[in-house]
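Below are the chains, spelled out letter by letter.
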Amino acid sequence: AAEKLLQEMEQIGLEPDAVAFSSLINACAKAARPDVKQVSRIIELMKARGLKPNLLTFNCAMNACAKSGDAAAAERFMQEMEHMGLKPDVVIFNALLDACAKAEEADVKQVLKILEAMKARGLKPDELTMRSAFGVCQSEKDRVSLSQHFELAGRELKQMGGK
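The sections below set out a description of the structure shown in this document. Remember, it's a predicted structure, so these values are computed and weren't measured experimentally.

Criteria and thresholds
By convention here, each chain's residues receive numbers from 1 onward along its written sequence. The predicted origin of the model limits local features to residues at a pLDDT of at least 70 and limits the giving and counting of side-chain atom pairs to 80 or more, whereas totals for whole chains, interfaces and linings rest on all residues. Only heavy atoms go into the side-chain values, all of them from the structure, while hydrogens and water stay out. The helix count covers DSSP runs of H or I at least four residues long, the strand count covers runs of E at least two residues long, and both are numbered beginning at the N terminus. The contact rule is simple, with two residues in contact once any of their heavy atoms fall within 4.5 Å. The definition used for a disulfide is geometric: two cysteine sulfur atoms within 2.5 Å. Buried, partly exposed and exposed residues are distinguished by accessible area as a fraction of the type maximum, computed with a 1.4 Å probe on protein chains only: under 20%, between the cut-offs, and over 50%, respectively. Expected span, for any helix, means 1.5 Å times one less than how many residues it has. Whenever two N or O atoms come within 3.5 Å, that pair is a polar contact, provided that in protein one can donate a hydrogen and the other can accept it, and provided that, for residues adjacent in sequence, both atoms are side-chain atoms.

**Quick word on the side chain of Ser 22**
Relative to the helices and strands, Ser 22 is located in helix α2 (residues 18-29). Setting aside residues up to four positions removed in sequence, Ser 22 forms contacts with Asn 54, Leu 56, Thr 57 and Cys 60.

**Observations concerning the state of the cysteines**
Taken as a whole and assessed by the stated rule, the structure comprises 0 disulfides. Cys 60 provides the cysteine sulfur closest to Cys 28, a residue in no disulfide bond, and the two sulfurs are 9.9 Å apart. Residue class for Cys 28 comes out buried when judged on its relative accessible area of 15%.

**Looking at α2**
In this model, α2 (12 residues) spans 16 Å end to end at C-alpha, consistent with the 16 Å of a helix rising 1.5 Å per residue. Within the sequence span of α2, burial applies to Ala 18, Ala 20, Phe 21, Ser 22, Leu 24, Ile 25, Cys 28 and Ala 29. Buried positions along α2 lie against α1 (2-11), α3 (36-48) and α4 (55-68). At the N-terminal end of α2, a side-chain oxygen is found 3.2 Å from the backbone nitrogen of Val 19, two or three residues along, and the residue is Asp 17.

In structure tokens form, the structure reads like this:
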């Protein structure tokens, strides 16, 4: 369906740009059951046309992963993004955390790893970060562990003057 829409755009003289491709990915993400493989195909098609996916593109892709509960695909998109030289921001990390929270095999260790990656980049967790992270918690022990992480990270960021 996405490829057909791109063909229709070209037939009427419109050249799809990065925004058009990101919009297609966003439409996929809003489907009742997002097709993450379709999202990957759109990104590959985008690159084949000489367009570089940007943060918006990957945020839309990771939102599709979150809605479908595909944390592994979200991780792959994060790696691809970084490989292309794009620097993930809090919004991207939140989408990754959301995918982890909605995955069948939600893992608090994975969440802590993501939070550490945020901290290493000097990014400050926001309310959505905390909500997604705590969404993974299955036990009181997990909740205490995350609370301690957020408390320590907050102190460290204040000392560093973090973003």
